[in-house]
Amino acid sequence: MEVFNKNTLLNKKILITGASSGIGAYCAKEFAKYGAELILVGRNDIKLNEVRSSLENPKLHLVYRADLSEIDSGFEMICNLPEEKLPLDGIFHSAGKELIKPINLTKSSDYKLVFSSTVEAAISISRALAKKNIVAKNASVIFMSSVAAISGTPGLSAYSASKAALIGLTKSLALEFAPRQVRFNTLLSGAVESPMHDRLLKNLSSKSIDEYRSRHPLGFGKKSDISNLSTFLISDASQWITGSSICIDGGYSAR
């Protein structure tokens, strides 16, 4: 069943980080289906091109290889986009690293790795958006966070801290960009079936998986749950929503 009109994102130029797999790749397919013109960003050219080939009107979309964990790579990437791809109408920043380690085994390099591709990349991208003619009026920026930002879990200190940082960043940027009618929001996701989710479950026993699932009253989420909310937030239907951290977690945070 289609939730949105096929022209919901017609002619909107949307940049997606982490577009080579998982939630980023799935959202790319959904955004394209609703008429968007995409810039797919990731570290793997082969996977990015496979995603582009799977989209409607593949020649309409641009592939951009970048490692967002590198300093200022997000800023340079956006500033070097072809003029015909600007101004941007939307950003979906889903790139990031997961890390499960108890604090006694966590090193400074671990925190650096997790923060660089998530928080530092978001800041770098936002710096570029502040430049003239880079982002359109009424544009929408979405940072992919996690319910771990507001709910503690042993072994997720670095990951949780990086996702929590996105909440504070979102609120400040929402106010800073409000005079230009550019919106910033964060999604606090629970467990969504994806490659990252599969990697996590691979290290758990059947009992642990059942307990983990039971913490989500509506069960594990699907990639379509994230894409539906993201489509709404990027569309003009959400023009009065900014600075929000929206839980989409199947009831995880309601406990």
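Details of the structure are given in the entry above.
Attention here is on the structure that accompanies the text. Residue numbers run consecutively from 1 along every chain, following the written order of its sequence. Confidence filtering applies because this is a predicted model: local features only for residues at pLDDT of at least 70, side-chain atom pairs given and counted only at 80 or more, and all residues used for totals across whole chains, interfaces and linings. Only hydrogens and water are removed before side-chain values are computed, so all heavy atoms of the structure are retained for them.

### Things to note about the layout of surface pockets
For the second largest pocket, the calculated volume is near 150 Å³. Lining the second largest pocket, in full, are N138, A178, Q181, V182, R183, D236, Q239, W240, I241 and T242. Residues are grouped as follows: Ala, Val, Leu, Ile, Met, Phe, Trp, Tyr, Cys and Pro are nonpolar; Asp, Glu, Lys and Arg are charged; all remaining types, including Gly, are polar. Residue composition of the lining of the second largest pocket, by class: four nonpolar, four polar and two charged. Lining residues are defined by having an atom within 4 Å of a point belonging to a cavity or pocket. Those points lie on a 1 Å grid over the protein atoms alone, cavities being sets where a 1.4 Å probe fits but cannot get out and pockets being open sets with protein on both sides within 12 Å along at least five of seven lines. Grid points are joined across faces, edges and corners, and a volume is the space filled by probe spheres set on the points.

### Things to note about the pairing of strand β6 (residues 183-189)
Burial classes follow relative accessibility: with a 1.4 Å probe on protein chains only, a residue under 20% of its type's maximum area counts as buried, one over 50% as exposed, and anything between as partly exposed. Numbering of helices and strands runs from the N terminus; a helix is a DSSP stretch of H or I covering at least four residues, while a strand is a stretch of E covering at least two. Burial within β6 is extensive, with seven of its seven residues counted as buried. Going residue by residue along β6, you find R183, N185, L187 and S189 tucked away on one face and F184, T186 and L188 tucked away on the opposite face as well. A pair of strands is treated as paired once DSSP finds two or more bridges between them. With seven bridges connecting them, strand β5 (residues 135-146) and β6 associate as parallel partners. Of the residues in β6, the one forming a bridge with V141 is F184. By definition, the crossover connecting two strands over a helix is right-handed if that path, from the first strand to the second, turns clockwise as seen with the strands pointing away from the viewer. Each parallel crossover has a hand, and the one from β5 via helix α5 (residues 157-177) to β6 is right-handed.

### Considerations on the sheet that holds strand β2 (residues 37-42)
Here seven strands make up an open sheet; going across it, the order is β3-β2-β1-β4-β5-β6-β7 and the pairing parallel. In this open sheet, the two edge strands, each paired with only one partner strand, are β3 (62-65) and β7 (244-248). Mean inter-strand twist for the sheet, computed between neighbouring axes without regard to direction, equals 20°. Any pair of residues with heavy atoms lying within 4.5 Å of one another is described as a contacting pair. Every angle, taken between N-to-C directions, lies between 0 and 180 degrees, and every axis is a line fitted to C-alpha atoms, over only the stretch in contact when it is a helix. Along the sheet, helix α1 (residues 22-33) makes contact with β1 (13-17), β2, β4 (88-93) and β5, crossing β1 at roughly 165°. Those strands touched by helix α2 (residues 45-54) are β2 and β3, and its axis lies near 165° from that of β3.

### Quick word on the pattern of salt bridges
Each reported salt bridge corresponds to a side-chain nitrogen of Lys or Arg within 4 Å of a carboxyl oxygen of Asp or Glu. Within this structure, the stated rule accounts for seven salt bridges. Ionic pairing is found between E30 and K33, a salt bridge with its closest N-O pair at 3.2 Å. Remark: K33 and E30 occur in helix α1; sequence separation between them is three residues, near one turn of the helix. Residue E30 is classed as buried on the basis of its relative accessible area of 11%. Using a relative accessible area of 24% as the deciding quantity, one classes K33 as partly exposed. Among the salt bridges present, the one from D110 reaches K101, with a minimum N-O distance of 3.0 Å. Judged by relative accessible area, which is 11%, D110 ranks as buried.

The analysis is restricted to geometry; functional conclusions fall outside its scope.
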